[in-house]
Amino acid sequence: MSGHADIVAVQYQSRAMALVWLDLSTGAVVTSHAGLWEMLRRGLRDWAGSVVHPRDGQAFLSAVYDHFFLSGYRVHWLRVSGLKGVQNTYRV
């Protein structure tokens, strides 16, 4: 990972946190949560109702944010530099 990424952090009811990010140097979408991998790889609907896939990069990350926000989860959008050492990553 390059260390530069846009991240959507999703907080579950159990206080667990899942991260989904777009590596800005490679365009790859990655998650820290194995359970999300299956759902994310199939694509999500964006705000307008169109299906968006991981290959759509920034538009997909926005759809991830919208999906979890509209489902009642606490979500945060972060842009970071120097991100390294995230364990258990799953490329979508």
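Residues numbered from 1 in each chain as written. Predicted model: local features only at pLDDT ≥ 70, side-chain atom pairs only at ≥ 80, totals over all residues. Heavy atoms only, no water.

*Asks:* Teacher, can you tell me more about the pattern of salt bridges here?
*Replies:* A side chain of one charge can pair with a side chain of the opposite charge if their charged atoms are brought near each other. A complete count under the given rule lists two salt bridges for this structure. A salt bridge links Asp6 to Arg79, with the nearest nitrogen and oxygen atoms 2.6 Å apart. Of this pair, Asp6 sits in strand E1 (residues 4-11) while Arg79 sits in strand E6 (residues 74-81), and the two are 73 residues apart along the sequence. Overall, Arg79 belongs to the exposed group, its relative accessible area being 62%. (Salt bridge = Lys/Arg side-chain N within 4 Å of Asp/Glu carboxyl O. Helix = DSSP H or I, 4+ residues; strand = E, 2+ residues; numbered from the N terminus. Buried < 20%, exposed > 50% of the residue type's maximum accessible area, 1.4 Å probe, protein only.)

*Asks:* Just to check I follow, could you spell out the nonpolar core for this structure?
*Replies:* Judged by nonpolar contacts, the single largest core of 17 residues is most densely connected at Val20, Leu36, Leu40, Leu44, Phe60, Val64 and Phe68. Mapped onto this core, the elements with two or more residues apiece are E1, strand E2 (17-23), helix H1 (34-41) and helix H2 (58-70). Considering each element in turn, this core owes the most residues, five residues, to H2. Setting aside chain neighbours within four positions, we find Leu44 in contact with Met39, Ser50, Val51, Val52, Phe60, Ala63, Val64 and His67. Counting residues in each nonpolar core, the second largest holds five residues, with Ala5, Ile7, Trp21 and Ala28 among its members. (Core = buried A, V, L, I, M, F, W, Y, C linked by side-chain atoms within 4.5 Å. Contact = heavy atoms within 4.5 Å.)

*Asks:* Explain the environment of Met39 here, please?
*Replies:* By the secondary structure assignment, Met39 is in helix H1. With 53 residues separating them along the chain, Met39 and Val92 place their C-alpha atoms 9.4 Å apart. For Met39, the residues in contact, after removing those within four places along its chain, are Leu44, His67 and Phe68.

*Asks:* Where do I start with the packing of aromatic side chains in this structure?
*Replies:* The geometry of two aromatic rings is summed up by the distance between their centres and the angle between their planes. Applying the stated rule across the entire model yields four aromatic pairs. Between the aromatic rings of Phe68 and Tyr73, the centroid separation amounts to 5.5 Å while the plane-to-plane angle is 75°, which identifies the pairing as edge-to-face. Assessed through its relative accessible area of 27%, Tyr73 is described here as partly exposed. An aromatic cluster is present here, built from Tyr12, Phe68 and Tyr73 joined pairwise through their rings. (Phe/Tyr/Trp six-rings, centres within 6.5 Å; stacked < 30°, edge-to-face > 60°.)

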